[in-house]
Amino acid sequence: MTRHFTINLPAGMALLNANQRPHHAVKAKLTAAIRGAAMEACANDPTMWAALEAAGDGPVLQRAYILGVLHPPSRRRADPANWYPSFKAAVDGLVDAGVLEDDDHTRVVGPDMRIGPVVKGGRISLHIQEVDTVTFAAFQWRTAS
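Residues numbered from 1 in each chain as written. Predicted model: local features only at pLDDT ≥ 70, side-chain atom pairs only at ≥ 80, totals over all residues. Heavy atoms only, no water.

S.K.: Help me understand the sheet that holds strand β1 (residues 4-8), please; the structure alone is not making it clear to me.
M.R.: Backbone hydrogen bonds are what pair the strands of a sheet, in a parallel or an antiparallel way. An order of β1-β4-β2-β3 is seen for the four strands of this open sheet, with the pairing classed as mixed. In this open sheet, the two edge strands, each paired with only one partner strand, are β1 and β3 (108-115). Looking at each pair of strands side by side, their axes are set apart by 20 degrees on average, direction ignored. In the sheet, β1 pairs with strand β4 (residues 123-130) via five bridges, with the strands oriented antiparallel. Bridging across to β4, H4 finds its partner in Q129. (Pairing = 2+ DSSP bridges. Helix = DSSP H or I, 4+ residues; strand = E, 2+ residues; numbered from the N terminus. Axes fitted to C-alpha atoms, helices over the stretch in contact; angles between N-to-C directions.)

Set out below in structure tokens:
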């Protein structure tokens, strides 16, 4: 049975957008805040907390597919891929929390970014699905030899 977790970052939280060009100190502060919020969301989710406790010193998941959902603050058109820096920081927070050992290509597929329902203030969510070795291999790019 595969496990699935949903981590919601706080609504109204400042997010990073690829179209922004913030000062490096501002970007670092926002990145750290998003990572910390993802880590805190893991600790505050009862299902995730139980999985973290059961995993002990190891990661909760060996491999995962991650769907990142942008919940915009309004119905205005939005390109969820522009928020990749925020999704990346949130995935790093999953690693910090112990959900994954690392977020490299040998363990994670995604995050694939999609648009979701409007949430007052806007927010991002991560839907993390455990994948087995065979399913994970099916996601990998094949090249002709």
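S.K.: Honestly, the side chain of H71 in this entry has me stumped. Any pointers?
M.R.: Note that H71 resides in strand β2 (residues 64-71). Judged by its relative accessible area of 9%, H71 falls in the buried class. A polar side-chain atom of H71 sits 3.0 Å from the main-chain carbonyl oxygen of P117. With residues near it in sequence (within four places) discarded, H71 still touches G116, P117, V119, G122, R123 and S125. (Buried < 20%, exposed > 50% of the residue type's maximum accessible area, 1.4 Å probe, protein only. Polar contact = N/O pair within 3.5 Å; in protein donor to acceptor, adjacent residues only side chain to side chain. Contact = heavy atoms within 4.5 Å.)

S.K.: Can you walk me through the packing of helix α1 (residues 24-44) against helix α2 (residues 46-55) in this structure?
M.R.: When two helices pack together, their arrangement is captured by the angle between the axes and the distance separating the axes. Direction vectors running N to C along α1 and α2 enclose 85 degrees, while the axes themselves pass 5 Å from each other. By the criterion of interaxial angle, the relationship of α1 to α2 is roughly perpendicular. On α2, the residues that touch C42, A43 and N44 of α1 are P46, M48, W49 and L52. Considering only residue class, the contact of α1 with α2 consists of six nonpolar, one polar and no charged. (Parallel < 35°, antiparallel > 145°, perpendicular 65-115°, else oblique. Nonpolar A, V, L, I, M, F, W, Y, C, P; charged D, E, K, R; others polar.)

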